[in-house]
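Remarks on the overall topology
Each chain is listed here by its residues.
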Amino acid sequence: MGGMLRIDGSMGEGGGQVVRSSLSLAALTGTPIRVENIRAGRRKPGLLRQHLTALTGAAVVCDAEVEGASLGSRAITFTPGPVRGGSHSFAVGTAGSATLVCQTVLPILLGASVASELTFEGGTHNPMAPPFDFFDQLFLPLLRRMGFSVHAELGRAGFYPAGGGRFSVTTEPAAALTPLELLQSVASPRVQACIVQARLPAHVAQRERDVILEALELAPEAVSVRKVRSPGPGNAVVAWVSDGDDVVELCTAFGERGRPAEIVAQDVVDQVRAYLAADPPVGEHLADQLLLPLVLGGGAFRTGPLSSHTRTNIEVIRMFLGESAIVVEEAGDDRCVRAPAGGLADGYG
Ligand code: ATP
């Protein structure tokens, strides 16, 4: 184990992702860390419930010693021990994103030599975070393509502000990993959509469906309505692009009080059109979330100009693994993001 790595939580994007990625990488590399200035520029700085659950969750799965684990904390120390699979439950306790908690804990367990059964509670469909559908339909299949054995199942949806969602994730020790390669755009993209809805009148979903069918010129069977169990009302319009089999991008817009259903649906339509108009296969959100899996198993993906989240995540990864852990090549608006094969997962087989 090396010395303590100091991380400035206000670096780059300066949000919760710096904390979450640092925790995953600390556990994976066995590096003790101190993170200061956590979410310094945010309206409510320091650890919110979602970040605190990610911290305590990461600590549980690698038997870490932690200082500063309290709400609002702006500095933490995290000294990881050995990775521990098995059964673990993580509850955010508010509508804070449970998928972001999962994306902190999961990379730590992916390379473990024992299976895990994990349960996450909190928000499953939050604005500004990966909705469960993004995680399940886009992110996890890419991990499976790399050779990781990981599956998720939604029990209950959790929308803002009621929260109360729940999903489970199972992992098994991975066999040999295959580097991820996402360099080619889909030649004949196929678009499908689903209106996810809980405790709201049927006409909301119907109006959203009508807008999507017409604007994207889809066949009726391409747009479904899924009523989900949830403690509170909620509405998410989810549209995904696939090559017929594999999903390559998933766009979401959220209904909220006072936001007409037509506007919510149009938001997704605009996101889908923007993705189809741009050439790179990997969209903005997927790009920042794929970086950790990429350094675990190696590979490359092509995306557009890097978002602040992606640039910051690359910086955090380089602090742990060195400059050459991620290489970015530029050609016009294209960015090819590469990680050498083998990488981190080797030490955890
Ligand atoms: P902050 O500290 O900035 O208040 P936070 O800790 O909740 O916020 P961020 O650090 O901003 O979260 O990270 C948000 C993550 O959610 C990023 O990985 C981003 O790609 C992802 N994300 C945001 N919106 C979507 C979306 N619509 N679909 C998929 N992923 C999303």
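This structure is a prediction, so every number in the text was calculated from the model and none was measured.

The subject of this paragraph is the site of the ligand. Taken together, 18 residues sit near the ligand, with Gly 16, Arg 39, Arg 42, His 51 and Asp 288 positioned nearest. Interatomic distance of 2.6 Å between a side-chain N/O atom of Arg 39 and an oxygen atom of the ligand. Within the side chain of His 285, one N or O atom sits 3.1 Å away from an oxygen atom of the ligand. Look at the ligand: alone it shows 640 Å² of surface, and the protein chains cover 86% of it. When residues of the shell around the ligand are traced back to their parent elements, those giving at least two are helix H1 (16–29), helix H2 (49–61) and helix H7 (284–297). When grouped by side-chain class, the residues that make up the shell around the ligand number 6 nonpolar, 8 polar and 4 charged.

Attention now moves to the sheet that holds strand S11 (residues 223–227). Spatial ordering of the open sheet is given by S11-S10-S12-S13, a layout of 4 strands whose pairing is mixed. For this open sheet the edge positions go to S11 and strand S13 (247–254), each flanked by a neighbour on one side alone. Mean inter-strand twist for the sheet, computed between neighbouring axes without regard to direction, equals 20 degrees. Inspection of the sheet shows strand S10 (residues 190–198) paired to S11 by 5 bridges, in the parallel sense. Its bridge partner being in S11, Ile 195 is matched across the sheet by Val 225. Contacts from helix H6 (residues 261–277) reach S10, strand S12 (234–242) and S13, with the element oriented near 155 degrees to S13.

Turning next to the pattern of salt bridges. Taken as a whole and assessed by the stated rule, the structure comprises 14 salt bridges. Of the charged contacts in the structure, one is a salt bridge between Asp 267 and Arg 259, with a shortest N-O distance of 2.8 Å. By relative accessible area, which is 24% here, Asp 267 ends up partly exposed. For Arg 302, the salt bridge goes to Asp 279, with nearest N and O atoms at 3.4 Å. Note that Arg 302 is positioned in strand S14 (residues 299–303) and Asp 279 in the loop between H6 and H7, a separation of 23 residues in sequence. Here the residues in one salt-bridge network are Arg 6, Arg 34 and Glu 36, joined through shared partners.

Bringing the side chain of Gln 103 into the picture now. Considering the arrangement of structural elements, one finds Gln 103 in helix H3 (residues 98–110). Within the structure, Gln 103 has its side chain in polar contact with the side chain of Gln 289 (distance 3.0 Å). Every residue in contact with Gln 103, bar those within four places of it in the chain, is listed here: Ser 24, Pro 130, Phe 135, Phe 139 and Gln 289.

Two numbers describe how H2 lies on H3: the axes approach to 8 Å, and their chain directions differ by 20 degrees. As summarised for this structure, H2 and H3 are arranged roughly parallel, according to the angle between their axes. In this structure, H2 meets H3 at a crossing whose hand is right-handed. On the side of H2, the interface is formed by Gln 50, Thr 53, Ala 54, Gly 57, Ala 58 and Val 61, while H3 contributes Leu 100, Val 101, Thr 104, Val 105, Ile 108 and Leu 109. Classifying every residue of the contact of H2 with H3 by side-chain character gives 8 nonpolar, 4 polar and no charged.

The sheet built from 4 strands is open, its strands ordered S1-S2-S4-S3 with mixed pairing. Whereas interior strands pair on both sides, the edge strands pair on one side only; in this sheet they are strand S1 (5–8) and strand S3 (65–67). Ignoring strand direction, the axes of neighbouring strands in this sheet form an average angle of 15 degrees. Each of S3 and strand S4 (76–79) is contacted by H2, which is oriented at about 20 degrees to S4, the strand it contacts most.

With 13 residues, H3 should cover 18 Å at 1.5 Å per step; its first-to-last C-alpha distance of 18 Å lies within 8% of that length. A maximum bend of about 25 degrees is found in H3 at Thr 104, where proline Pro 107 lies one to four positions downstream.

Here we come to the pairing of S13. Successive residues of a regular strand alternate their side chains across the two faces of the sheet. Extensive coverage of S13 is indicated by the burial of 8 of its 8 residues. Sheet analysis places S12 next to S13, joined by 7 bridges and oriented antiparallel. Across the sheet, the residue bridging to Ser 242 is Val 247, located in S13. Taking the residues between adjacent antiparallel strands as the criterion, S12 and S13 are bridged by 4 residues, where Gly 244 takes a positive phi near 110 degrees.

This structure, assessed with the given rule, holds 6 aromatic pairs. Ring centres 5.0 Å apart and planes at 20 degrees place the aromatic pair Phe 90 and Phe 120 in the stacked group. Of the two residues, Phe 90 is situated in strand S5 (residues 86–91) and Phe 120 in strand S6 (residues 116–122); the sequence distance between them amounts to 30 residues. Take Phe 90 and Phe 120: they sit in the same class, and that class is buried. A ring pair is formed by Phe 132 and Phe 135, whose centres lie 6.3 Å apart and whose planes are at 55 degrees; its orientation type is tilted. Highlighted residues: Phe 132 and Phe 135, both in helix H4 (residues 132–146), separated by 3 residues, approximately one helical turn.

Definitions and limits used
Residues numbered from 1 in each chain as written. Predicted model: local features only at pLDDT ≥ 70, side-chain atom pairs only at ≥ 80, totals over all residues. Heavy atoms only, no water. Near = heavy atom within 4 Å. Polar contact = N/O pair within 3.5 Å; in protein donor to acceptor, adjacent residues only side chain to side chain. Areas by Shrake-Rupley, 256 points an atom, 1.4 Å probe, with all protein chains shown as cover. Helix = DSSP H or I, 4+ residues; strand = E, 2+ residues; numbered from the N terminus. Nonpolar A, V, L, I, M, F, W, Y, C, P; charged D, E, K, R; others polar. Pairing = 2+ DSSP bridges. Axes fitted to C-alpha atoms, helices over the stretch in contact; angles between N-to-C directions. Contact = heavy atoms within 4.5 Å. Salt bridge = Lys/Arg side-chain N within 4 Å of Asp/Glu carboxyl O. Buried < 20%, exposed > 50% of the residue type's maximum accessible area, 1.4 Å probe, protein only. Parallel < 35°, antiparallel > 145°, perpendicular 65-115°, else oblique. Left-handed = near helix turned anticlockwise from the far one by under 90°. Expected span 1.5 Å × (residues − 1). Bend = angle between axes of the 7 residues up to and from the residue. Phe/Tyr/Trp six-rings, centres within 6.5 Å; stacked < 30°, edge-to-face > 60°.

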